[in-house]
Amino acid sequence: MSVPEEASPTSAPDSDPVPPEQVVRPWRLVNLPKIEDPRGNLTALEGLREIPFAIRRVYWIYNVPGGEKRGGHAYRELQEMIIALSGSFDAVVDDGTSTARYSLNRGYVGLYVSRMVWRQLENFSTNAVCLVLASAPYDERDYVRSRQEFVDLVRGR
Ligand code: TYD
């Protein structure tokens, strides 16, 4: 059987040695299990199963006034899973090299964010509830709140 022409492997152009799908970013969307039921849907998470860390802390952000932003910092070690339990908001993530914006609006989709990612939450809808599962207890020393310090750290300065 002949291989369709479009399925033939092609080499990437010199200017783009790594195809985009092979670039590993320190964040990713995760489809969470959804148990559909006429009585209402259910999603359950277990640390080290659906998410790649043991859950040490849970917090949620709610009653966000229109136009307000949360976050605007990075963590030296903390990993998080961010889920829109209700309503919607945007998560903007940035590793110092590239940035991405995700509109989160489903209770069965999480955004996993690894360490050393500048992240901001914005565009909250009126009824939005943002659930965050975190890999460590709260520790202000883990925060990088200065953008300049973040840029210096990711560039190894
Ligand atoms: P912060 O993480 O700066 O909020 P955001 O990044 O969502 O804008 O936290 C705001 C305040 O809440 C700050 O004084 C620390 C406190 N806080 C805790 O006490 N425990 C926690 O788990 C978190 C996330 C924050």
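Values in this document were obtained by computation on a predicted structure and should not be read as measured data. (Residues numbered from 1 in each chain as written. Predicted model: local features only at pLDDT ≥ 70, side-chain atom pairs only at ≥ 80, totals over all residues. Heavy atoms only, no water.)

A. Region of interest: the sheet that holds strand E8 (residues 118-122). The strand order across the open sheet formed by five strands is E6-E5-E8-E3-E10, and the pairing between neighbours is antiparallel. Looking at which strands have only one partner, the edges of the open sheet turn out to be strand E6 (99-104) and strand E10 (143-144). Bridging between strand E5 (residues 89-94) and E6 involves six bridges; their strand directions are antiparallel. Paired with Asp94 across the bridge in E6 is Thr99. (Pairing = 2+ DSSP bridges. Helix = DSSP H or I, 4+ residues; strand = E, 2+ residues; numbered from the N terminus.)

B. Region of interest: helix H1 (residues 147-154). With a side-chain oxygen positioned 3.3 Å from the backbone nitrogen of Gln148, the residue opening H1 is Ser146. Positioned one or two residues after H1, Gly156 has a phi angle of 75 degrees, which is positive. (Polar contact = N/O pair within 3.5 Å; in protein donor to acceptor, adjacent residues only side chain to side chain.)

C. Examining the packing of aromatic side chains more closely. Under the criterion given, the structure shown has five aromatic pairs. Seen in terms of ring centroids, Phe53 and Tyr112 are 6.2 Å apart; in terms of plane orientation they differ by 35 degrees. Their pairing is tilted. With Phe53 in the loop between strand E1 (27-31) and strand E2 (57-62) and Tyr112 in strand E7 (residues 109-113), this residue pair connects regions lying 59 residues apart in the sequence. The two residues Phe53 and Tyr112 agree in class, both being buried. Through successive ring pairs, a cluster of aromatic residues spans Tyr75, Tyr138 and Tyr143. Its guanidinium or amino end placed over the ring of Tyr108, Lys34 lies 4.0 Å from that ring's centre, counting from NZ or CZ. (Phe/Tyr/Trp six-rings, centres within 6.5 Å; stacked < 30°, edge-to-face > 60°. Buried < 20%, exposed > 50% of the residue type's maximum accessible area, 1.4 Å probe, protein only. Lys NZ or Arg CZ within 6 Å of the ring centre and 35° of its normal.)

D. Representation of the pattern of salt bridges in the model. Per the counting criterion, the structure on display carries 13 salt bridges. One salt bridge in this structure joins Arg49 and Glu46, with 3.6 Å as the shortest N-O distance. Glu140 is paired through a salt bridge with Arg145; the nearest N and O atoms lie 2.7 Å apart. Assessed through its relative accessible area of 46%, Arg145 is described here as partly exposed. Salt bridges linked by common partners bring Lys69, Asp90, Arg101 and Glu122 together as one network. (Salt bridge = Lys/Arg side-chain N within 4 Å of Asp/Glu carboxyl O.)

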